[in-house]
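Listed below are the residues making up each chain.
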Amino acid sequence: MKSQVQPKLIIHGGAGSSLHGKGGLEAVRQTLHAIVEEVYALLLSGANASVAVVRGCQLLEDEPRFNAGTGSVLQSDGQIRMSASIMDGALGRFSGVINVSRVKNPIELAQFLQNSPDRVLSDYGAAELAREMQIPSYNALTDLRLQEWIQERQDNFKRTMAGVIAEPELLETSNAGRGTIGVVALDTYGKLAVGTSTGGKGFERIGRVSDSAMPAGNYATNYAAVSCTGIGEDIIDECLAPKIVIRVTDGLSLQESMQRSFAEAHDNKRDFGAIALDATGAIAWGKTCDVILAAFHDGDKIGDTLELAGGTQVGSIS
Ligand code: ASP
């Protein structure tokens, strides 16, 4: 296939309330930028968008700072259950796993299911698949997440969500926030793909299903691709990712589509963020919460949204 398009990339490590302390912010920045650099190089070398998305998700899942893969938050019963999905915009195909345990990279299961007749598997079925794929059993628990859970249990699970990132100093500040990871890529062939992976909200009841393995939180077509993070129930109620994508399909620019969708979300008092790309190469992010931890490559340079504090905001680069 002929390469002709300038690739674009945007990734996120969750959204939520402010990152207190520069130490936290700089560490998150370094991590996100390093991953953008590696995945963008892959896109430049001709990798297709889905391959780049899976690689980006693996790197983010392996980073214990974020709430996906290693470092996932614990649910109310003290267990980790992870969800991940991928959508290839060119194929128009969604696949994912819901509430899977004891695997290192849930996104690999979602990737495998791209070529299966049964494309979304939940707990028991996902565990069976991991066994079939001979994926070694892996414990994603970190000490920090365990400490968070113990503290939360002492407080009788008052918080609605776990911390946006795992930092020891945040344990003291009861800094409620979100965390999850997502990658959106436009490859040199002009194709889009998106992947999202999460440990969930944290402290949720057993069997709760995250938006991250639903089209509401992760959706792509040939026109646009979107990954969401934040309160999953709010993302589902707004049907956020398909709403943004469909508005672009129907002729709005990505910027207009994000603006309209986030204005509605603001009016509806939703609590979330999203990152997006369209087929023209426009890059966008939006949030109704305080921060969205996103970083991107616009073809020239790497940028990020880490210092964009405050309420509802939408930004874009075309
Ligand atoms: N959206 C995820 C969920 O509700 C959490 C997150 O984005 O951090 O499961």
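Definitions and limits used
- Residues numbered from 1 in each chain as written.
- Predicted model: local features only at pLDDT ≥ 70, side-chain atom pairs only at ≥ 80, totals over all residues.
- Heavy atoms only, no water.
- Helix = DSSP H or I, 4+ residues; strand = E, 2+ residues; numbered from the N terminus.
- Polar contact = N/O pair within 3.5 Å; in protein donor to acceptor, adjacent residues only side chain to side chain.
- Contact = heavy atoms within 4.5 Å.
- Near = heavy atom within 4 Å.
- Areas by Shrake-Rupley, 256 points an atom, 1.4 Å probe, with all protein chains shown as cover.
- Nonpolar A, V, L, I, M, F, W, Y, C, P; charged D, E, K, R; others polar.
- Buried < 20%, exposed > 50% of the residue type's maximum accessible area, 1.4 Å probe, protein only.
- Pairing = 2+ DSSP bridges.
- Salt bridge = Lys/Arg side-chain N within 4 Å of Asp/Glu carboxyl O.
- Axes fitted to C-alpha atoms, helices over the stretch in contact; angles between N-to-C directions.
- Parallel < 35°, antiparallel > 145°, perpendicular 65-115°, else oblique.
- Expected span 1.5 Å × (residues − 1).
- Arc of directions from axis to C-beta.

Trainee: Sorry if this is basic, but what is going on with the side chain of Thr221 here?
Mentor: Looking at the element boundaries, Thr221 is found in the loop between strand E7 (218-220) and strand E8 (224-230). A distance of 3.0 Å separates a polar side-chain atom of Thr221 from the backbone nitrogen of Tyr223. Not counting the four nearest positions on each side in its chain, Thr221 is found in contact with Gly89, Leu192, Val245 and Thr249.

Trainee: Would you mind going over the site of the ligand with me for this structure?
Mentor: Taken together, 14 residues surround the ligand, and among them Gly179, Arg208, Asp211, Thr229 and Gly230 come closest. Here an oxygen atom of the ligand and a side-chain polar atom of Ser210 are 2.8 Å apart. In isolation the ligand has 270 Å² of accessible area, and contact with the protein removes 100% of it. Classifying every residue of the shell around the ligand gives 1 nonpolar, 9 polar and 4 charged.

Trainee: Help me out: how do you make sense of the pairing of strand E2 (residues 82-88) in this one?
Mentor: On any regular strand, side chains alternate: one points to one face of the sheet, the next to the other face. Most of E2 sits inside the fold, with 7 of its 7 residues counted as buried. Going residue by residue along E2, you find Met82, Ala84, Ile86 and Asp88 tucked away on one face and Ser83, Ser85 and Met87 tucked away on the opposite face as well. Relative to strand E3 (residues 93-100), E2 runs antiparallel, the two being bridged by 6 bridges. Counterpart to Ser85 in the pairing with E3 is Gly96. Between E2 and E3, which pair antiparallel in sequence order, lie 4 residues; one of them, Gly92, sits at a positive phi of approximately 65 degrees. Sheet topology note: the E2/strand E6 (residues 192-198) ladder contains 6 bridges and is antiparallel. Residue pairing across strands places Ser83 opposite Thr198, the latter belonging to E6.

Trainee: Explain the pattern of salt bridges here, please?
Mentor: A side chain of one charge can pair with a side chain of the opposite charge when the charged atoms of the two come close. As enumerated under the stated definition, the model contains 18 salt bridges in all. Close ionic contact of Arg65 with Glu63 constitutes a salt bridge, the shortest N to O distance being 3.7 Å. Of the two residues examined, Arg65 and Glu63, each falls in the buried class. A salt bridge links Asp237 to Arg270; its shortest N-O distance comes to 3.6 Å. Of the two residues, Asp237 sits in helix H7 (residues 232-238) while Arg270 sits in the loop between helix H9 (254-267) and strand E9 (272-278), which places them 33 residues apart along the sequence. Through salt bridges with shared partners, a single network forms among Asp237, Glu238, Lys243, Arg247, Glu264 and Arg270.

Trainee: Which parts of the structure should I look at to understand the packing of helix H3 (residues 106-113) against helix H4 (residues 123-132)?
Mentor: Packed helix pairs are specified by the crossing angle of their axes together with the interaxial distance, meaning the distance between the axes. The contact between H3 and H4 brings their axes to 11 Å, and the two run at 85 degrees. Relative to H4, H3 is oriented roughly perpendicular. Facing H3, whose interface residues are Leu109, Phe112 and Leu113, H4 presents Ala126, Leu129 and Ala130.

Trainee: Where do I start with the sheet that holds E8 in this structure?
Mentor: Hydrogen bonds along the backbone pair up the strands of a sheet, which may run parallel or antiparallel. The antiparallel open sheet is built from 5 strands, whose spatial order is E7-E8-E9-E10-E13. Strand pairing shows two members of the sheet lacking a second neighbour, E7 and strand E13 (313-317), which therefore form its edges. Mean inter-strand twist for the sheet, computed between neighbouring axes without regard to direction, equals 10 degrees. Bridge analysis of E7 against E8 gives 3 bridges, and the strand direction is antiparallel. Its bridge partner being in E8, Tyr219 is matched across the sheet by Val226. H9 contacts E9, strand E10 (283-287) and E13 of the sheet and is inclined by roughly 165 degrees relative to E9.

Trainee: Just to check I follow, could you spell out the environment of Ala41 for this structure?
Mentor: With respect to the secondary-structure elements, Ala41 resides in helix H1 (residues 22-44). Each C-alpha atom of the pair Ala41 and Ala52 lies 9.4 Å from the other, and the pair is 11 residues apart in sequence.

Trainee: I would appreciate a short explanation of helix H5 (residues 143-154) in the present structure.
Mentor: Given 3.6 residues per turn, any residue in an α-helix points the same way as the ones three and four places further on. Between its first and last C-alpha atoms H5 spans 17 Å; for 12 residues at 1.5 Å apiece the expected length is 16 Å, and the two agree. The set of residues buried in H5 consists of Arg145, Glu148, Trp149 and Glu152. When H5 is viewed along its axis, its buried side chains cluster within an angular range of 95 degrees and face the same direction. Turned more than 90 degrees away from the buried face of H5 sit Asp143 and Gln154, all of them exposed. Asn156, located one to two residues past H5, shows a positive phi value of around 65 degrees.

Trainee: Could you clarify how one ought to interpret the sheet that holds strand E5 (residues 181-186) in this entry?
Mentor: Here we have 8 strands laid out as an open sheet, ordered E4-E3-E2-E6-E5-E1-E11-E12, and mixed in their pairing. Two strands lie at the open edges of the sheet, namely strand E4 (120-122) and strand E12 (302-304), each paired on one side alone. Taken pair by pair, the neighbouring strands of this sheet meet at an average axis angle of 10 degrees, ignoring direction. Pairing geometry for strand E1 (residues 8-16) and E5, over 5 bridges, is antiparallel. Opposite His12, over in E5, you have Gly182 as the bridge partner. Relative to the sheet, helix H2 (residues 49-61) contacts E1, E2, E5 and E6, its axis offset from that of E5 by approximately 155 degrees.

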